Amino acid sequence: PGQYLVVGNTNVVAAAGAIKYVPPGVGNTDFIQNGPPDGIAIINTTTQTVIDSFSYEGPITAANITGFPGPVNLVKGRVLPTATADSNTVNGSLCRLPNGTSTNDDETDWKFCTVPTPGAANGP
């Protein structure tokens, strides 16, 4: 709570104070899977609980995650519309707006932001 988590390759510069995670094998490449549908889950491996999750470019409702018991639903509330997606042509990212707020409804919580702010407050 109260911190930012930035997941990306080694070239992504995170704001001071943010937690940065580079997935194994990614290095400075763009080899983080990107193709519909996409999703991510942040899991407490000690308690085997989902801390947060997100699915876009289509719903992922039964993800099988290595070491986690049973399938995981990455959709919270209403599915994010497929029109709200990352872009391969426009600089930007999906961001949670308003910043730091979760209503547990993906359609309400996530927007495409044209200015990426890794590890800092999200803005439209």
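Residues numbered from 1 in each chain as written. Predicted model: local features only at pLDDT ≥ 70, side-chain atom pairs only at ≥ 80, totals over all residues. Heavy atoms only, no water.

Colleague: Looking at this structure, how should I read the overall build of the chain?
Modeller: The secondary structure content of the chain amounts to one helix and six strands. The secondary structure elements of the chain, listed N-terminal to C-terminal, are β-β-β-β-β-α-β. Against the 2.2 N^0.38 benchmark of 14 Å for 124 residues, the chain shows a C-alpha radius of gyration of 14 Å, consistent with a compact globule. With the C-alpha coordinates aligned to their principal axes, the bounding extent of the chain is approximately 35 × 30 × 30 Å. Among the 124 residues that make up the chain, the fraction classed as buried is 27%. Nonlocal contacts in the chain, meaning residues at least 24 apart in sequence, comprise 34% of its contacts between residues at least 6 apart. Carbon together with sulfur atoms contributes 58% to the accessible area of the chain, which is approximately 7500 Å² in total. Counting 5 positive and 9 negative side-chain charges, the chain places the averaged centre of each group 6 Å from the other. (Helix = DSSP H or I, 4+ residues; strand = E, 2+ residues; numbered from the N terminus. Rg over C-alpha atoms; globule rule 2.2 N^0.38 Å. Buried < 20%, exposed > 50% of the residue type's maximum accessible area, 1.4 Å probe, protein only. Contact = heavy atoms within 4.5 Å. Areas by Shrake-Rupley, 256 points an atom, 1.4 Å probe, with all protein chains shown as cover. Lys, Arg positive; Asp, Glu negative; His and termini not counted. Charge placed at Lys NZ, Arg CZ, Asp CG, Glu CD.)

Colleague: Help me out: how do you make sense of the pairing of strand E4 (residues 49-56) in this one?
Modeller: For a regular strand, the rule is simple: side chains alternate between the two faces of the sheet. Pairing of strand E3 (residues 38-44) with E4, which is carried by seven bridges, proceeds in the antiparallel orientation. Across the sheet, residue Asp38 finds its bridge partner in E4, namely Tyr56. Connecting E3 to the next strand, E4, in antiparallel fashion are four residues, including Gln48 with a positive phi near 55 degrees. (Pairing = 2+ DSSP bridges.)

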